[in-house]
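Single-letter residue listing:
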Amino acid sequence: MTLWNAVLVASIICVALKTLGYLVPPAALEAPRPARIADLLTVALLAALVAVQTLGVGQAVVVDARVPALLVAAGLLVARAPFLVVVAAAAAVAAVLRLWGWAA
């Protein structure tokens, strides 16, 4: 199977799954349990993405300037800082740490 065949098969599967999603009755999705699972699944997937992007480099776990930047961002979010301030502060922390050569 070539790469393009794999891309086409994956695309067809994605469209089929999306179409099946439209066939599910709304009452089944508005029940308390599926709604709660969907809410928790979204948070869990986002947390996993942040963890992988922060700590993962290939197959290794690496602690570098991204970890303190993430901690600063989390602290500012808990303090209810505006999102742009959170992003700018986290970027500044990572930049300063990389400038000092703490972790590349």
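Report on the accompanying structure. (Residues numbered from 1 in each chain as written. Predicted model: local features only at pLDDT ≥ 70, side-chain atom pairs only at ≥ 80, totals over all residues. Heavy atoms only, no water.)

### A few points about the overall build of the chain
Definition in use: Labels follow the DSSP assignment, with helices taken as runs of H or I lasting at least four residues and strands as runs of E lasting at least two, numbered in each case from the N terminus. All radius of gyration figures rest on C-alpha atoms, and the globule criterion is 2.2 Å times the number of residues raised to 0.38. Think of it in three bands: residues with accessible area under 20% of the maximum for their type are buried, residues over 50% are exposed, and the middle band is partly exposed, with areas taken using a 1.4 Å probe on protein chains only. Contact criterion: two residues are considered in contact whenever any of their non-hydrogen atoms come within 4.5 Å of each other.
Each helix and strand in the chain was counted, giving five helices and two strands. Helices and strands in the chain line up, N terminus first, as α-α-α-β-β-α-α. Computed over its C-alpha atoms, the radius of gyration of the chain comes to 20 Å, more than 25% above the 13 Å expected for a compact globule of 104 residues. Here the C-alpha coordinates of the chain stretch approximately 55 × 45 × 20 Å along the principal axes. In the chain, buried positions account for 11% of the 104 residues. Counting contacts in the chain only where the partners sit at least 6 residues apart, residues at least 24 apart contribute 37% of the total.

### Thoughts on the pattern of salt bridges
Put simply, the test is: Only one rule defines a salt bridge in this text: a Lys or Arg side-chain nitrogen within 4 Å of an Asp or Glu carboxyl oxygen.
If you walk through the whole model with that rule in mind, you get one salt bridge. Across the pair Arg66 and Asp64 runs a salt bridge, and its minimum N-O distance is 3.1 Å. The exposure class assigned to Asp64 is buried, which follows from its relative accessible area of 6%.

### What to know about helix H4 (residues 66-78)
Note: α-helices contain 3.6 residues per turn, so residues at a spacing of three or four share the same orientation. What counts is decided by this rule: What a helix is expected to span follows from its residue count: subtract one and scale by 1.5 Å. By construction, the arc corresponds to the directions joining the helix axis to the C-beta atoms.
Between its first and last C-alpha, H4 extends 18 Å over 13 residues, near the 18 Å set by a 1.5 Å rise per residue. Along H4, the residues that are buried comprise Val67, Ala69 and Ala73. The arc that holds the buried residues of H4, viewed along the axis, is 160°, so those residues lie on one side. In H4, the exposed positions angled more than 90 degrees off the buried face are occupied by Leu71 and Val78. On the buried face of H4, the contacting elements are helix H3 (32-55) and helix H5 (83-99). Where H4 ends, the next residue or the one after it, Arg80, has phi of about 65°, a positive value.

### Considerations on the nonpolar core
Here is the rule: In these notes, a set of buried Ala, Val, Leu, Ile, Met, Phe, Trp, Tyr and Cys residues joined through side-chain atoms within 4.5 Å is what counts as a nonpolar core.
Core analysis: the largest hydrophobic core is formed by seven residues, namely Ala65, Ala69, Ala73, Val86, Ala90, Ala94 and Leu97. Counting residues per element, the ones that place at least two in this core are H4 and H5. In terms of residues, this core owes the most to one element, H5, which gives four residues. Look past the residues within four positions of Ala90 in its chain and what remains in contact with it is Ala69 and Ala73.

### A closer look at the packing of H3 against H4
Rules: Here the axes come from fitting lines to C-alpha atoms, over the contacting stretch only for helices, and the angles between their N-to-C directions go from 0 to 180 degrees. Put simply, a crossing is left-handed when the front helix is turned counterclockwise from the back one by less than a right angle, and right-handed when it is turned clockwise. The nonpolar class holds Ala, Val, Leu, Ile, Met, Phe, Trp, Tyr, Cys and Pro. Asp, Glu, Lys and Arg form the charged class, and all remaining residues, Gly among them, are polar.
Across the interface, H3 lies against H4 with an axial gap of 9 Å and an inter-helix angle of 145°. As for how H3 packs across H4, the hand of that crossing is right-handed. From H3, Val50, Gln53, Thr54 and Leu55 reach across to H4, where they touch Arg66, Val67 and Leu70. Classifying every residue of the contact of H3 with H4 by side-chain character gives four nonpolar, two polar and one charged.

### Topic: the environment of Leu45
Of note, Leu45 is situated in helix H3. Take Leu45: its relative accessible area is 55%, and that puts it in the exposed class. Sequence separation between Leu45 and Gly75 is 30 residues; the distance between their C-alpha atoms is 21 Å.

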